[in-house]
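Coordinate inspection notes
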Amino acid sequence: MTSGNLLLPLRQVVTIEAKMASKRDFFQDPVVERLLMKHGFRVHITNMGSREIAKQDYEAYDVVFPSGQPAADLISRERARANRPVLLYRPFVSPIVLATYRDYAEVLTTEGVAKPLPGPGGRAMYYTLDMRKFLDLAHGTRKNVQRASKEGYRWDEIDRDDRVRNGNKILAQTSDICEANSAGTYLGLVAFVEHENDAPDNEAEAERLARYIKPLLVEQGLPSSERAETYLSPDGQSIAPISVIYEHQFLAHQIAHRAEKGTADDERVLLYPSTRFVTEPQLVALTGEGARLGELVSKDPELQQRAMELGFRARNGTGGATGDELTRFLTERGIPAPTTSSDHTRAVLPSLPLLERMIEIVGDCPDRTGSR
């Protein structure tokens, strides 16, 4: 079957025009670029946030790859209304996580808000975060007692051992909520917890809830890529003690740190919210060439292997997400693998129109014309 390959003409390289959010990490990896070139693809990427991808024109593109389902759904619905359906591919998944530093995780553990997750010897790299208790601190409630001012607690008020020396409010910082899927998803998580573990089901309820949680989500503004970059920078701890990022961004850092320095980065750790929502990044194919690319990255063993090496949870043969291969890969390299509990509550996001309305209220987002 391969004996005649040398007689064939050189494979024509197709340039795919793509809009991508955080999952461009995969396509910009040099190994992935070489593998795609082997199959005749070069991907030219325009970088922007997930919601921005859905809200701006994408007619000149072969694929768009927002980081979560809401933005992909917006695109799919708009194209369906125009009788131009799209094809969707889900090559891998990456949960939303709260990335922090060991001292902050230990302060939350002493407070009874976080709990170390079991793992192989040494200090914990992963913690579970009680979202209800975490948000209570931001509301001025500590150990079920509301203080008179109702003002949110600050780190130095709960840090009895003087570990962190930080007078800022206890909040998780996100990327720009008007642009990034990670920020919109975190909004959905907060709304779900604040609404007694349920999503709002009408516009009035959604608007009221959005205004109520807005103070918990006001410290934003960086594009999604820069939130992870800031967290991983030497000054990250002083800029944002807790950042909302994707699991693969943390794991890719740990894999690279181990390869370069021979050890895992012991000072950076993850908080897994007790209320979770696993993001489903969807590659949206708008053209035939885009569909060929979607098929390739979803099924090619080498590309799926590389996705795992970059910290993504690849999908199994039946299309379901699996972390088994990722766990083996990390364990072989001496990096603790995430071990989240299966009994955590799974959050349900509001319906797409209601989520959009909540994002607009919390973020004071401009519409397509730039008006607010």
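Think of each chain on its own: its residues are numbered from 1, step by step along the sequence as written. Local features are withheld for residues below a pLDDT of 70 in this predicted model, meaning they are given only at 70 or higher, and side-chain atom pairs are given and counted only at 80 or more; totals for whole chains, interfaces and linings count all residues. Side-chain calculation: all heavy atoms of the structure are included, whereas hydrogens and water are not.

1. Observations regarding the overall build of the protein chain
Put simply, DSSP H or I for four residues or longer makes a helix, DSSP E for two residues or longer makes a strand, and each gets a number counted from the N terminus. When its secondary structure is counted, the protein chain shows 16 helices and 16 strands. Using a 1.4 Å probe on the protein chains alone, a residue whose accessible area is under 20% of its type maximum counts as buried, one over 50% counts as exposed, and one in between counts as partly exposed. Scored against the burial criterion, the 372 residues of the protein chain give a buried share of 54%. Contacts: residue pairs with any heavy atoms within 4.5 Å of one another. For the protein chain, contacts bridging at least 24 residues in sequence account for 73% of all contacts bridging at least 6. Throughout, the Shrake-Rupley method with a 1.4 Å probe supplies accessible areas, and for residues the shown protein chains are the sole cover considered. Carbon and sulfur atoms provide 49% of the accessible area of the protein chain, an area that totals close to 17,100 Å².

2. Considerations on the pairing of strand β6 (residues 96-101)
Put simply, side chains in a regular strand alternate between the two faces of the sheet. Counting buried residues along β6, 6 of its 6 residues qualify, which places the element largely inside the surrounding structure. Side-chain alternation along β6 places Ile96, Leu98 and Thr100 on one buried face and Val97, Ala99 and Tyr101 on a second face that is also buried. Where β6 and strand β11 (residues 243-246) come together, 4 bridges link them in antiparallel fashion. Of the residues in β11, the one forming a bridge with Ala99 is Ser243. When DSSP locates at least two bridges between a pair of strands, those strands are taken to pair. Pairing of β6 with strand β12 (residues 268-273), which is carried by 4 bridges, proceeds in the antiparallel orientation. Within the sheet, the bridge partner assigned to Leu98 lies in β12 and is Leu271.

3. Comments concerning the packing of helix α2 (residues 30-38) against helix α14 (residues 301-309)
Axes, fitted as lines to C-alpha atoms, cover a helix only where it is in contact. Angles between the N-to-C directions of the axes lie from 0 to 180 degrees. Closest axis-to-axis distance for the α2/α14 pair is 10 Å, and the angle between their directions is 170°. As far as their axial angle goes, α14 and α2 are roughly antiparallel. Judged by residue contacts, Val31, Val32, Leu35, Leu36 and Lys38 of α2 engage Glu302, Leu303 and Arg306 from α14. When residue character is reported, Ala, Val, Leu, Ile, Met, Phe, Trp, Tyr, Cys and Pro are called nonpolar, Asp, Glu, Lys and Arg charged, and the others, Gly included, polar. Classifying every residue of the contact of α2 with α14 gives 5 nonpolar, no polar and 3 charged. Small angles under 35 degrees read as roughly parallel and large ones over 145 as roughly antiparallel, with 65 to 115 read as roughly perpendicular and the rest as oblique.

4. Points about empty space enclosed by the protein
Cavities and pockets are defined on a 1 Å grid built over the protein atoms alone: a cavity is a set of grid points where a 1.4 Å probe fits but cannot escape, while a pocket is an open set with protein on both sides within 12 Å along at least five of seven lines, and lining residues are those with an atom within 4 Å of any such point. Grid points are joined across faces, edges and corners, and a volume is the space filled by probe spheres set on the points. The full count for this structure, using the stated rule, is 3 cavities of 30 Å³ or more. Quantified by volume, the largest cavity comes out at close to 110 Å³. Lining the largest cavity we find 13 residues, and of these Arg51, Pro70, Ala71, Asn181 and Ile359 sit closest to its centre. Going through the elements one at a time, α3 (50-55), α4 (69-81), α8 (181-194) and α16 (352-363) are the ones with two or more residues in the lining of the largest cavity.

5. Observations concerning unusual backbone geometry
For Glu196, which is not a glycine, the phi torsion comes out positive at approximately 60°. Checked against the element boundaries, Glu196 lands in the loop between α8 and α9 (203-213). Look at Glu196 and you get exposed, because its relative accessible area is 72%. One non-glycine residue with positive phi stands out, namely Asn197, at about 55°. Within the secondary structure, Asn197 sits in the loop between α8 and α9.

6. What to know about the sheet that holds strand β4 (residues 87-89)
The strands that make up a sheet pair up through hydrogen bonds in the backbone, lying either parallel or antiparallel. Across the sheet, which stays open at both edges, the 5 strands sit in the order β2-β1-β3-β14-β4 with mixed pairing between neighbours. Where the open sheet ends on each side, the last strands, each with one partner, are β2 (41-47) and β4. Strand-to-strand twist across the sheet, computed as the mean angle between neighbouring axes with direction ignored, equals 25°. Direction of pairing for strand β3 (residues 63-65) relative to strand β14 (residues 283-285): antiparallel, over a ladder of 2 bridges. Residue pairing in the sheet places Val64 in a bridge with Val284 of β14.

7. Examining a positive patch on the surface
Like charges within 9 Å and nonpolar side chains (Val, Leu, Ile, Met, Phe, Trp, Tyr) within 5 Å are joined into patches, using only residues over 30% in relative accessible area that form no salt bridge. Salt bridges, as used here, are contacts in which a Lys or Arg side-chain nitrogen is within 4 Å of a carboxyl oxygen on Asp or Glu. Working convention for charge: Lys and Arg count positive, Asp and Glu count negative, and His plus the chain ends are omitted. Charge positions are represented by NZ for Lys, CZ for Arg, CG for Asp and CD for Glu. Residues Lys115, Lys133, Lys143 and Arg160 make up a contiguous surface patch of positive charge. Overall, the relative accessible area of 55% leaves Lys115 in the exposed class.

8. Considering the environment of Gln12
Secondary-structure assignment places Gln12 in the segment before β1 (14-20). Residue class for Gln12 comes out exposed when judged on its relative accessible area of 66%. Counting along the chain gives 27 residues from Gln12 to His39, while the straight-line C-alpha distance between them is 9.3 Å.

9. Overview of the sheet that holds strand β7 (residues 114-116)
One open sheet holds the 5 strands; their spatial order is β7-β8-β12-β6-β11, and the pairing between them is mixed. Of all strands in the sheet, those bounded by a partner on one side alone are β7 and β11. The sheet shows a mean angle of 40° between the axes of neighbouring strands, direction not considered. In the packing of helix α5 (residues 102-110) onto the sheet, the strands contacted are β6, β7, β8 (126-129) and β12, and the crossing angle to β6 comes to about 100°. Contacts from α8 reach β6 and β11 within the one sheet, and its direction differs from that of β11 by about 115°.

10. Focus on the pattern of salt bridges
One pass over the full model with this rule turns up 23 salt bridges. The closest approach of N and O atoms between Arg165 and Asp162, which form a salt bridge, is 3.3 Å. Among the residues examined, Arg165 registers a relative accessible area of 70% and is labelled exposed. Two residues, Asp265 and Arg268, come together in a salt bridge whose shortest N-O distance is 2.9 Å.

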